[in-house]
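Structural characterization, general
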Amino acid sequence: MTQLTDAGQKVFNARYALRDEQGHICETFEQAVSRLARVAASAEKEAQPHWEEKFASIIGDLLFVPSTPIWANMGKPDRPWQPSACFVLAVEDTLYSMYETLLSTALVFKSGGGVGYNFSTIRPRGSLVQSTKGKASGVVELIKLYNASSNMVMQGGVRRGASMGILNIDHPEIMNFIHAKLDGGLTNFNLSVGVTDAFMQALEQGEDWPLIFNGEVHDVLPAAVLWQSIVQSAHACGDPGIIFLDTIQKANPLPHKQLNCTNPCGEQPLFPGESCLLGSVNLARLIAEDGRINRALFKDTVSIAVRFLDNLIDVAEYPFPLIAEATRATRKIGLGFTGLADALIKAGLPYDSAEGRKYAGEIIELMQQSANDTSRALAEEKGCFPEWENSKFHPAEKIRNGTCVTIAPTGSVTTMAGCEGYGIEPIFAVAYKKSTNVAGDFEVFSPLFLEACQLYGVSNSILEEVARRGTCQGIKEIPVEIARIFKGAQDIAPADHILMQAEIQKHVDNAVSKTINLPGAATTEDIETCYRMAYSLGLKGITVFRDGCKEGTVTVGRQED
Ligand code: UDP
């Protein structure tokens, strides 16, 4: 059993530990590990103690970290056993459906999940409402309503509900949607425009683009005007991002059904009603000091983790029957990793180098192979997912899970696991100040950076300078060996962020959560270049963040400077 770091213990205590009736913590990390292992093993028909021990061993050693709802819910006497972090819900163009989905959302939030919606079914603002002869309030007003409701219901009692709103590029209200976050509202929503290959082609050829609802053309605009509006809004406020609908559909395990929506952070495309549970392998603990991956332990960990996640689908208590049915029909799981930055640093490879990407690509490829091998073996043992006969796997490949690999943001679990880099992100910065609602404000120096500085005898006054600037780049007293490896998100060129995302996406069944950081001085052209590059490299989606464009919770360097 591994000891949690102080920050890790804080996350555990605040979010995951069992509490008594007075709200006092009454569970240690070790007891929580047993709780998770026991509940997952209870899905086995045979050899339950064997599997319980295997599950406890990878989780207790922090080799594998299940995502927040699993820790917060599974096996607790006072919580529904709801393991999924990702949900998608349908919303139809009736008042009844809009409010029904709002209620469903509240129930999902309460159980600890986030929700994505594709609002393209909703009639645009100003359309006639037959029954009252009034005007429809439209998509953005509906999003405002949902956003306000998120403030009411805390997710699983610990965090505010996160949502994703998607609108397809041919919806007549698309301009209103593109501009919806410019005034700083809708803070509980990420927004993405659903873009098709046909639109990208129209853009390429300088053509006009019709905005259509229910077969009726409402307006026609040059594709370039729509595109520029997206880019300008993203430049100003970070939203909207883009999801590439055809790229997502190409990887859809059930090709006869349309897949046009993702969960809040974009890493998990899902059908309406479907949910997915997540877990991450902790690379920081699977890489030797020389940077080489322990292949045998890695494969073993992936294999046990796949079985763990698959088992939880059987013992889960979903918020309502539609979710249970849709989730169990495809049995999607989302196994990924966290701590890529830690691994690259140990391997001495820059994040923004061809060697660094090759190294990351090999790890994710090995993960995808091992996860799929396990899912195929599980199909032999326990059967394929129920929709298998309608899937792209039929008849050649028997497999238990519709998808296996997802790269999540790993916002909480990375801190609990004690590694520095979230998911596939580089380290945020070598020095920064962080404000959290759980642990208050604290200043963070990258421990790996400090270690390296000690090794090279970097003086305290130089470290002071690094803290002031928030970066070690361009400081001549910093040894080049350190400067080339310790690059924070802002030190890395946007194109290099995208290249890493693309390398990883090649071996990910679902999608990749990644922020493309740009400096405050970046232009709209820079954003446009990112969005075009994302499309041509086959990304399923992209989100950019220009420094200073949103009120953030993290400041590079010290605030007083
Ligand atoms: N999520 C959410 N609200 C949050 C954070 C996360 O609904 O405040 C959901 C969302 O679907 C997100 C997924 O959980 O994409 C995974 O997020 P992350 O990996 O950061 O979760 P963790 O397990 O680390 O808490």
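Report on the accompanying structure. Quick caveat, the model's predicted, so the values are computed rather than measured. (Residues numbered from 1 in each chain as written. Predicted model: local features only at pLDDT ≥ 70, side-chain atom pairs only at ≥ 80, totals over all residues. Heavy atoms only, no water.)

Attention now moves to the overall build of the chain. A count of helices and strands for the chain gives 20 helices and 20 strands. Scaling as 2.2 N^0.38, a compact globule of 561 residues should have a C-alpha radius of gyration of about 24 Å, and the chain matches this with 23 Å. Summarising its shape, the C-alpha atoms of the chain cover approximately 70 × 60 × 55 Å along the three principal directions. When the 561 residues of the chain are sorted by exposure, 57% land in the buried category. Put simply, 73% of the contacts in the chain that link residues at least 6 apart link residues at least 24 apart. Within the structure as shown, the chain displays about 22700 Å² of accessible surface, and the carbon and sulfur contribution to it stands at 51%. Counting 50 positive and 66 negative side-chain charges, the chain places the averaged centre of each group 2 Å from the other. (Helix = DSSP H or I, 4+ residues; strand = E, 2+ residues; numbered from the N terminus. Rg over C-alpha atoms; globule rule 2.2 N^0.38 Å. Buried < 20%, exposed > 50% of the residue type's maximum accessible area, 1.4 Å probe, protein only. Contact = heavy atoms within 4.5 Å. Areas by Shrake-Rupley, 256 points an atom, 1.4 Å probe, with all protein chains shown as cover. Lys, Arg positive; Asp, Glu negative; His and termini not counted. Charge placed at Lys NZ, Arg CZ, Asp CG, Glu CD.)

If you trace the backbone, Thr338 turns up in strand 14 (residues 333–338). Within the local environment of Thr338, its side chain forms a polar contact with the backbone oxygen of Gly421, the two atoms lying 3.2 Å apart. With sequence-adjacent residues up to four places away left out, Thr338 is seen in contact with Ser280, Val281, Asn282, Leu283, Ala284, Thr410, Thr414, Cys419, Gly421, Tyr422 and Gly423. (Polar contact = N/O pair within 3.5 Å; in protein donor to acceptor, adjacent residues only side chain to side chain.)

Within this structure, the stated rule accounts for 27 salt bridges. Among the salt bridges present, the one from Asp314 reaches Arg400, with a minimum N-O distance of 3.7 Å. Pair noted here: Asp314 is in helix 11 (residues 295–315) and Arg400 is in the loop between helix 14 (354–382) and helix 15 (413–417), with a separation of 86 residues, a long-range link. Asp373 is paired through a salt bridge with Arg376; the nearest N and O atoms lie 2.7 Å apart. Placement of both Asp373 and Arg376 in helix 14 is noted, with a separation of three residues, approximately one turn of the helix. For Asp373, a relative accessible area of 45% puts it in the partly exposed group. Counted as one network, the salt bridges with shared partners bring together Glu44, Arg307, Glu381 and Lys382. (Salt bridge = Lys/Arg side-chain N within 4 Å of Asp/Glu carboxyl O.)

Around the ligand, the structure places 19 residues, and the nearest of them are Thr68, Gln155, Glu267, Thr410 and Gly411. A distance of 2.6 Å is found between an oxygen atom of the ligand and a backbone nitrogen or oxygen belonging to Thr410. Burial of the ligand by the protein amounts to 91% of the accessible area it has alone, namely 520 Å². Across the shell around the ligand, the residue classes tally to eight nonpolar, nine polar and two charged. (Near = heavy atom within 4 Å. Nonpolar A, V, L, I, M, F, W, Y, C, P; charged D, E, K, R; others polar.)

The next thing to look at is the packing of aromatic side chains. Within a pair of aromatic rings, the relevant descriptors are the distance that separates the centres and the angle that separates the planes. For the structure shown, the criterion picks out 18 aromatic pairs. Between Phe445 and Phe449 the ring centres are 6.5 Å apart and the planes differ by 10°, which places this aromatic pair in the stacked class. Its relative accessible area of 24% is what places Phe445 among the partly exposed residues. For Phe449, a relative accessible area of 0% puts it in the buried group. An aromatic cluster is built from Phe12, Tyr16, Phe29 and Trp71, whose rings are joined through pairwise contacts. The side chain of Lys257 reaches across the aromatic face of Phe271, ending 4.3 Å from its centre. (Phe/Tyr/Trp six-rings, centres within 6.5 Å; stacked < 30°, edge-to-face > 60°. Lys NZ or Arg CZ within 6 Å of the ring centre and 35° of its normal.)

Turning our eyes to something else, we now look at the environment of Gln369. Mapped onto the elements of the fold, Gln369 is located in helix 14. Gln369 sits in the partly exposed class, given a relative accessible area of 42%. Separated by 67 residues in sequence, Gln369 and Val302 have C-alpha atoms that sit 9.7 Å apart.

What follows deals with helix 5 (residues 95–110). Every α-helix winds through 3.6 residues per turn, so residues three or four apart in the chain are directed the same way. Between the first and last C-alpha of helix 5 there are 23 Å, a value that for 16 residues agrees with the 22 Å anticipated at 1.5 Å per step. The inward-facing, buried residues of helix 5 abut strand 2 (86–88), strand 3 (114–118), helix 6 (138–152), strand 6 (154–155), strand 8 (163–168) and helix 12 (321–330). Positive backbone phi, approximately 100°, marks Gly112, located one or two places after helix 5. (Expected span 1.5 Å × (residues − 1).)

In total, this model carries zero disulfides according to the counting rule given. No disulfide involves Cys261; its sulfur sits 11 Å from that of Cys86, the nearest cysteine. Owing to a relative accessible area of 1%, Cys261 belongs among the buried residues under this scheme. In this model Cys549 remains outside any disulfide bridge; the closest cysteine sulfur is found in Cys237, 6.9 Å from its own. (Disulfide = S-S within 2.5 Å.)

Of the consecutive residues Asp239 and Pro240, the connecting peptide bond is found in the cis state with omega at 0°. Looking at the element boundaries, Pro240 is found in the loop between helix 9 (223–237) and strand 12 (241–244). Note the cis peptide between His394 and Pro395, where omega equals 0°. Structurally, Pro395 is set in the loop between helix 14 and helix 15. Unusually for a residue other than glycine, Leu62 sits at a positive phi of about 55°. Within the secondary structure, Leu62 is located in the loop between helix 3 (48–60) and strand 1 (64–66).

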